[in-house]
Amino acid sequence: MNKQLLTEFARLAVTVGVNVQKGQLLRIIAPIEAKDLVHECARIAYEVGAGDVVVDYSDDVLSRIRFEKAGLEVLKEVPQWQVDKQAYLIDKKCCMLSITSPDPDVLDGIDPQKIKEATMARLKAMKQFQYYTTNNIGQWSIVAYPNLTWAKKVFPNDNEEVALNKLAEAILKASRVNDSEDVVAVWDRHNRAVKGYAKKMNDFNFDYLHFQNSLGTDLKVGLIKDHIWEGGADVTAGGVVFNPNIPTEEVFTMPDRHKISGRVVASKPLSYNGNLIDGFELTFDGGEVVSFKAAKNEEALKNMLDTDEGAKSLGEVALISHDSPISNLNILFYNTLFDENASCHLALGRCYPSNVRGGLEMSDEELYAKGGNNSLIHVDFMFGSADMEITGVKSDGTEIKVFKNGNFVI
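In this section: the environment of K302. Within the secondary structure, K302 sits in helix 11 (residues 298-305). Among the residues examined, K302 registers a relative accessible area of 35% and is labelled partly exposed. Sequence separation between K302 and K312 is 10 residues; the distance between their C-alpha atoms is 9.9 Å.

With that out of the way, let us pick up the nonpolar core. In this structure, L26, I28, L37, L97 and I99 are the most contacted members of the largest nonpolar core, which totals 51 residues. With eight residues, helix 1 (residues 3-17) is the single largest residue contributor to this core. With residues near it in sequence (within four places) discarded, I99 still touches I28, I29, A30, P31, A34, L37, V38, V143 and Y145. The next biggest cluster of nonpolar side chains, apart from the first, holds 42 residues, and it includes M201, L223, F284 and V402.

Side chains of I32, V55 and Y57 sit close together on the surface and give an oily, nonpolar patch of about 240 Å² of accessible area. With relative accessibility at 39%, the residue I32 sits in the partly exposed group.

On to helix 7 (residues 127-134). The set of residues buried in helix 7 consists of F129, Q130, Y132, T133 and T134. Residues of helix 7 that are buried make contact with strand 1 (25-31), helix 5 (80-91), strand 3 (95-100) and strand 4 (140-144). Directly beyond the C-terminal end of helix 7, a positive phi value near 55° is found at N136.

It is worth spelling out the sheet that holds strand 17 (residues 378-382) at this point. Sheet architecture is open: five strands sit in the order 7-10-15-16-17, paired in antiparallel fashion. The open sheet terminates on both sides in strands that have one partner only, identified here as strand 7 (230-231) and strand 17. Judged from the two bridges that link them, strand 7 and strand 10 (residues 251-253) form a sheet pairing that is antiparallel. Bridging from a neighbouring strand, G231 pairs with V251 of strand 10.

Okay, the pattern of salt bridges next. Evaluation of the coordinates by the stated rule reveals 25 salt bridges. Between R43 and E40 there is a salt bridge, with its nearest N and O atoms 2.7 Å apart. Linking R43 with E40, this pair stays in helix 2 (residues 35-47), spanning three residues, or about one helical turn. Judged by its relative accessible area of 34%, R43 falls in the partly exposed class. Residue E40 is classed as buried on the basis of its relative accessible area of 6%. Between D306 and K302 there is a salt bridge whose closest N-O contact spans 2.8 Å. Each member of the salt-bridge network shares a partner with another, and the members are K3, E40, R43 and E47.

Where burial is concerned, most of strand 4 is hidden: four out of the five residues are buried. In the sheet, strand 3 pairs with strand 4 via five bridges, with the strands oriented parallel. Residue T100 lies in a different strand from strand 4, and its bridge partner there is A144.

On to unusual backbone geometry, then. Backbone torsion omega between I246 and P247 reads 10°, so that peptide bond is classified as cis. The topology assignment puts P247 in the loop between strand 9 (241-242) and strand 10. Positive phi outside glycine occurs at N19, with the angle close to 50°. Its location among the elements puts N19 in the loop between helix 1 and strand 1.

The subject of this paragraph is the environment of K93. The topology assignment puts K93 in the loop between helix 5 and strand 3. Assessed through its relative accessible area of 58%, K93 is described here as exposed. Residues K93 and I137 lie 44 residues apart in sequence; the distance between their C-alpha atoms is 8.1 Å. The contact partners of K93, leaving out residues within four places of it in the chain, are Q24 and Y132.

About the cut-offs
- Residues numbered from 1 in each chain as written.
- Predicted model: local features only at pLDDT ≥ 70, side-chain atom pairs only at ≥ 80, totals over all residues.
- Heavy atoms only, no water.
- Helix = DSSP H or I, 4+ residues; strand = E, 2+ residues; numbered from the N terminus.
- Buried < 20%, exposed > 50% of the residue type's maximum accessible area, 1.4 Å probe, protein only.
- Core = buried A, V, L, I, M, F, W, Y, C linked by side-chain atoms within 4.5 Å.
- Contact = heavy atoms within 4.5 Å.
- Patch = residues over 30% accessible without salt bridge, like charges linked within 9 Å, V, L, I, M, F, W, Y side chains within 5 Å.
- Areas by Shrake-Rupley, 256 points an atom, 1.4 Å probe, with all protein chains shown as cover.
- Salt bridge = Lys/Arg side-chain N within 4 Å of Asp/Glu carboxyl O.
- Pairing = 2+ DSSP bridges.

These figures capture arrangement, not role.
Structure, rendered in structure tokens:
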């Protein structure tokens, strides 16, 4: 990634993504491979007035070694100082930038039970920070950075240098970063366009959506009463605008966890906890997954669904035209941040309170009583296709075609 584009990408992450405010603490979580982007983000954050920048680096290779060699009790332990650090960051009203640069198969072959128990222990210990972000108390954003292992997974027929350059180019193109336009202006236009579709869906106020395609999906998703379709930029409880996902193409809302029925077939693999789950489908009845299967890593899928009661239901339904910039790249990224924005998707687990009127003021118990879902996880998986048909059904039975041949027609 050349210097000019790296700087522009960092400016996007800091000023449009988390939109760090004067005097605010910025926390960056990043793999060691992304240090060049971290350095630029830190420099720009200080220049625009950040109070301080705290960086937590990760290392996929070290994570695998730890899972291979450490005992289960060690893997399940979450030191109190780590919990205290989260509490400190929340108390400081930080904004959080996550930089993802994964090895999609990093934990392939590791005992699934080890991964499950270690993941659940960390999710429970860090629940307060999940609440901080999903309830939009502070700004948060996710961007991506290329690495060689990931690049060779995406472009296996190219040599290392070519594959790495191709992945960098694809990340920038998907994130709408180029050397000829101001990235802030580009994202302002994009956010307005996405919000246009969200407004149309809100105006229709559908009771439920019916999804059908040739892969075998035949799914009805009821929408929570007083639901709100969102997309593009979001806003914190304090009124600060930020962009949670870069890139993003989706408009999304909250399902009613009681009103989901039928079969959904994934259209892309899901990378979850270092395992690639592929060729999978879920069957819902009464709002919960009642059966499932996967061609690859079915045990990882089972462990995800067994996380807690809410993991078997949905917290999000998102619509994305098949004819969209990321989809048109025709690249399987093996990374949910990108692949979910190339396809309609659903999320198992926790809902976003902002997707229902008054949700940000509700307690978890109030939201749950209304029909929202609560869980330690929020995992997106893709099920859109070029022939996806979506019919919106209103409370009076009126049917309106929302998608035809994979694209919006409203």
